[in-house]
Amino acid sequence: MPAAGALHGAPAIELRGISKAFGPVQANKDIDLVVPRGTIHGIIGENGAGKSTLMSILYGFYRPDAGEILIGGKPIAIADSQAAIRAGIGMVFQHFKLVQNFTVLENVILGAEDGGLLRPSLSRARGALKRLASEYGLQVDPDALVEELSVGHQQRVEILKALYRQADILILDEPTGVLTPAEADHLFRILRGLRDEGKTIILITHKLREIMEITDNVSVMRRGEMVASVKTAETGPAQLAELMVGRKVLLRVEKPPARPGAPVLEVRGLRMVDADGVERLRGIDLEIRAGEILGIAGVAGNGQTQLLEVLGGFPEAGAKLQGEIRLNGKPLPLGGAGADGRARRQAGVGHVPEDRQAEGLIMDFTAWENVAFGYHHAPEFQNGMLMDNAAIRADAMGKIQHFDIRPPNPDLAARNFSGGNQQKIVVAREVERNPDLLLIGQPTRGVDIGAIEFIHKRIVALRDAGKAVLLVSVELDEIMALSDRIAVMFDGRIMGERLADEATTGDLGCLMAGVDPALTPPEAAIPPAAAPGTDAGGGAG
Amino acid sequence: MERMPKWADVILTPLISLALAFGISALVILAIGESPVEALKVMVQGALGSSYGWGFTLYYTTNFVFTGLAVMVAYHAGLFNIGGEGQAALGGLGVALVVLALPWPHWALALPAAAMGAALFGALWALVPAWLQARRGSHIVITTIMFNFIAAALLNYVLVNLLRPVGSMDPASARFPAAVHLPKLSDMALGLGIEWGRNTPANVTFFVAVAACVLVWLLIWHTRLGYEIRAFGKSEPAALYAGISPVRITVLAMLISGALAGLMAINNVMGEAERLMLNAVEGAGFIGIAVALMGRNHPLGVLLAALLFGFLYQGGGELALWTSIPRELIVVIQALVILFTGALDNMVRMPLERLFTALRRKGA
């Protein structure tokens, strides 16, 4: 509530002229920011816009080159994270910083133990936790091991850690990336509760929908500068997107209706048991036709990664596989000889993997070397016994132009490109080969809006050229925008399939949590015996 | 964005590291009451001041080129081959068996055959650790170290019980026949009418070593196998994604690495000793690690670093001979060079990077 700020006088946070450069890169340029007490303040911007740098300055990881930080109206110097904590700032990172085999209680006091003996700290923390839980709806079993908690609950532990350290200001970095829609809703309820108790919350995100849903004010960053700070009620997604990118952006993917042809990929009864004996895929049946995009929705970790790896020809070592995969009617081997990434590519399967930095690219290779990656056996790249590096380089130059990869320098190492341009290198490599089937996992994770638009267009263009696309993404918006049909994966199974035109977020959200709304009518969903899946989903409690 | 220019990375950093190592060595020499300036003079004079010195320096250099290349190839595949010592020892066995098995009419015929024997034995000695790593996950550092000891014991047994000529008290093979003696660089110079490096062990193998540098360069940066080795070395998940078999690459890279280490034997066994003796490798396998590290895992760098260590080895020997500086101190100097150029690389690199960034900002 913007009004709340006026009541309390000085704003919770005020930044004046903050600048920070890393070498020649100006990450933050003369940033001014005012966050009134008791509000939820969103900060959005593309990747590399400088959001994380700014928050790292606020949390004491970096010192600004110039500028002033005022907390509660008083200028302070934040030399390290201890100083930030003393100033009442708490941070919830995107990747949780929890000790997996400690209990919740042990994690909460970690770094805030007082005295040589643990017991007094633990019992003090137990009391504090109980109070916080009842005050803010942050129920977590203090004696549970963190590794046994769902992702949503682990996030609550992070928030509790900050509150236990008396944080008045909470910074959350992309908090919903790993949550189901229901878990995200619950998180937002908690955040609103915290705000109403007078806490100040900064939410860093790239999801416009979240900004609109929960924030009071929003600040937009672009290329290290703060380009706008507005009341959320007075703006809209289109305007924010334009501010972020600096030009008008298509938020919806424009695509003509699909004209599906013959089946390209048929998967029957696919099962996979990993080396630890855990059944990751429990009988998957899928069909994708030519000229069709099948989206696989689901919370990360429900077998999507394994599905992509098996289809891509590289299931993890020691996995046992069962079932049938057919490409254009011909069976593909599941494992063993003849089932590797190279054979799959020769059969006409392109694959943009989920993790481009670990799998899709060799980060230390140059861009041109990466353009041949996986296709380095292609005849046009050979020159007798040697590789034809000149031909590969020429090919890379063409792809750099077609995909507007920036900077257009094929000799630059992959790690020196931004996330969006790295992804463009991978997509260019896989799409320009014109595969019959494109597997594409998390195509726009960590990719800026401009590049997202471009990559989405390319995926649709491939479909319209009569190819089959299997899209796996944890971004429900992306699945809904791109897919012609949507299948939801939960616990290694396909929970249900919907036509994209008929799917709703609520419906898909239920499937993602392991509940089939068709089998459990809404009024019957409440009784405890109804659906074991709700417990496993975790967040809704 | 590159942090600093390439020349600073590949030339300035090792030079500063080297200067630091020599600086501390000088302090140590001062501390035992000797003159560092005198010591440096003796070393330079002894190793580089005469064709005689060069003849030894180049001989050592040849050894270190092979073991350095061996470490380098494995390193590109993400494997730390510490077994150069054992692989080179087995390479010696390969050379001895090939040379003594047939009455070779001429060294030019014997050399390729002996080289193949050396490479084969070295490669096979690396195969077992490679296989254990690829299939069973036994750490290659541990297994290659252990294989050094096994190699020493095996060679001891073979020399004492199998290869020792009847009646000899010396645990060494028979002398190689004169026909297979490799031409020394001094003989070759004499053929051209130049008096150079008489009675020095540097021999034709030096050119084999230079050729090996070129071949390794082609392999790593211009063949599919090299591409796959580098890709696997940088990221195993990515290699799997691309259809590169980790088992195949681990085994092939280690075979090549072991073969290169084994090839060293044509220099020390066939070219110098002209028979197989115990402890013929004399630590060259371990120096190869420092050579590869300092040479930035590039064949040209390996060649230059091998030359440096050849100088240290020969100059150190001279130092022990002509001054009262004990032999152990030479080892200290070599260790300091390894420490600074290899292990403490970042100590010099990071401030340099900061310096260049600051300079650039001022320039911009």
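Look up a bit, the structure's there.
Keep in mind the model is a prediction, meaning the values are calculated, not measured.

1. Describing the interface of chain A and chain B
Contacts between chain A and chain B engage 30 residues on the former and 23 residues on the latter. Carbon and sulfur atoms supply 60% of the area that chain A and chain B bury against each other, a total of about 2400 Å² over both sides. Among the residues chain A hides against chain B, the three largest losses belong to F365, H376 and M387 of chain A. Together they make up 21% of the total. The tally of links between chain A and chain B comes to two salt bridges. Note that E369 of chain A is salt-bridged to R230 of chain B, the shortest N-O span being 2.7 Å. Joining chain A to chain B, the criterion identifies 18 residue pairs in polar contact (both at pLDDT 80 or more). The set of elements that each furnish at least two residues to the side of chain A that touches chain B consists of α11 (341-347), α12 (356-360), β18 (386-387) and α15 (419-431) of chain A. Among the residues making up the side of chain A that touches chain B, the classes are represented as 12 nonpolar, 10 polar and eight charged.

2. Notes on the sheet that holds strand β11 (residues 263-273) of chain A
What holds strands together in a sheet is hydrogen bonding between their backbones, with the strands either parallel or antiparallel. Residue and element names in this part refer to chain A. Ordered by their spatial adjacency, four strands build an open sheet running β12-β11-β14-β15, and the pairing between neighbours is antiparallel. The open sheet has two edge strands, β12 (279-289) and β15 (330-332), and neither has a second partner. Averaged over all pairs of adjacent strands, the angle between their axes in this sheet comes to 10°, without regard to strand direction. Pairing of β11 with β12 involves eight bridges; the strand directions are antiparallel. Each bridged residue has a counterpart across the sheet, and for M272 the counterpart in β12 is L281.

3. Considerations on the pattern of salt bridges
Residue and element names in this part refer to chain A. Taken as a whole and assessed by the stated rule, the structure comprises 38 salt bridges over all chains. Residue R131 is joined to E135 by a salt bridge in which the shortest nitrogen-to-oxygen separation is 3.4 Å. Highlighted residues: R131 and E135, both in helix α5 (residues 118-136), separated by four residues, approximately one helical turn. The partner of E497 in a salt bridge is R485, with the nearest N and O atoms 2.6 Å apart. Pair noted here: E497 is in strand β22 (residues 493-499) and R485 is in strand β21 (residues 485-490), with a separation of 12 residues, a long-range link.

4. Considering the layout of surface pockets
Estimated volume of the second largest pocket: approximately 2000 Å³. Forming the boundary of the second largest pocket are 46 residues, of which K6, D9, V10, R296 and R349 of chain B lie nearest the centre. If you list the elements that add at least two residues to the lining of the second largest pocket, you get α13 (367-371) of chain A together with α1 (6-31), α3 (51-76), α9 (224-234), α12 (284-294), α13 (299-322), α14 (327-343) and α15 (345-363) of chain B. For the lining of the second largest pocket, the element with the highest residue contribution is α1 of chain B, accounting for seven residues.

5. Quick look at α5 of chain A
All names here are of chain A. Its 19 residues give α5 an end-to-end C-alpha distance of 26 Å, which sits within 8% of 27 Å, the value for a rise of 1.5 Å per residue. Along α5, the residues classified as buried are S121, A125, A128, L129, L132, A133 and Y136. Along the axis of α5, the buried positions cluster into a sector of 140°, meaning they face one direction only. Opposite the packed face of α5, turned more than 90 degrees from it, sit the exposed residues R119, K130 and S134. Where the residues of α5 are buried, they touch α4 (104-109), α6 (151-164) and α7 (181-196). One or two residues past the end of α5 sits G137, with phi positive at roughly 70°.

Calculation criteria
Residues numbered from 1 in each chain as written. Chains lettered and ligands numbered in written order. Predicted model: local features only at pLDDT ≥ 70, side-chain atom pairs only at ≥ 80, totals over all residues. Heavy atoms only, no water. Contact = heavy atoms within 4.5 Å. Buried area = accessible area lost by both parts, 1.4 Å probe. Salt bridge = Lys/Arg side-chain N within 4 Å of Asp/Glu carboxyl O. Polar contact = N/O pair within 3.5 Å; in protein donor to acceptor, adjacent residues only side chain to side chain. Helix = DSSP H or I, 4+ residues; strand = E, 2+ residues; numbered from the N terminus. Nonpolar A, V, L, I, M, F, W, Y, C, P; charged D, E, K, R; others polar. Pairing = 2+ DSSP bridges. Axes fitted to C-alpha atoms, helices over the stretch in contact; angles between N-to-C directions. 1 Å grid on protein atoms, 1.4 Å probe; cavity = no way out; pocket = protein on both sides within 12 Å on 5 of 7 lines; lining within 4 Å. Points joined across faces, edges and corners; volume = space filled by probe spheres on them. Expected span 1.5 Å × (residues − 1). Buried < 20%, exposed > 50% of the residue type's maximum accessible area, 1.4 Å probe, protein only. Arc of directions from axis to C-beta.

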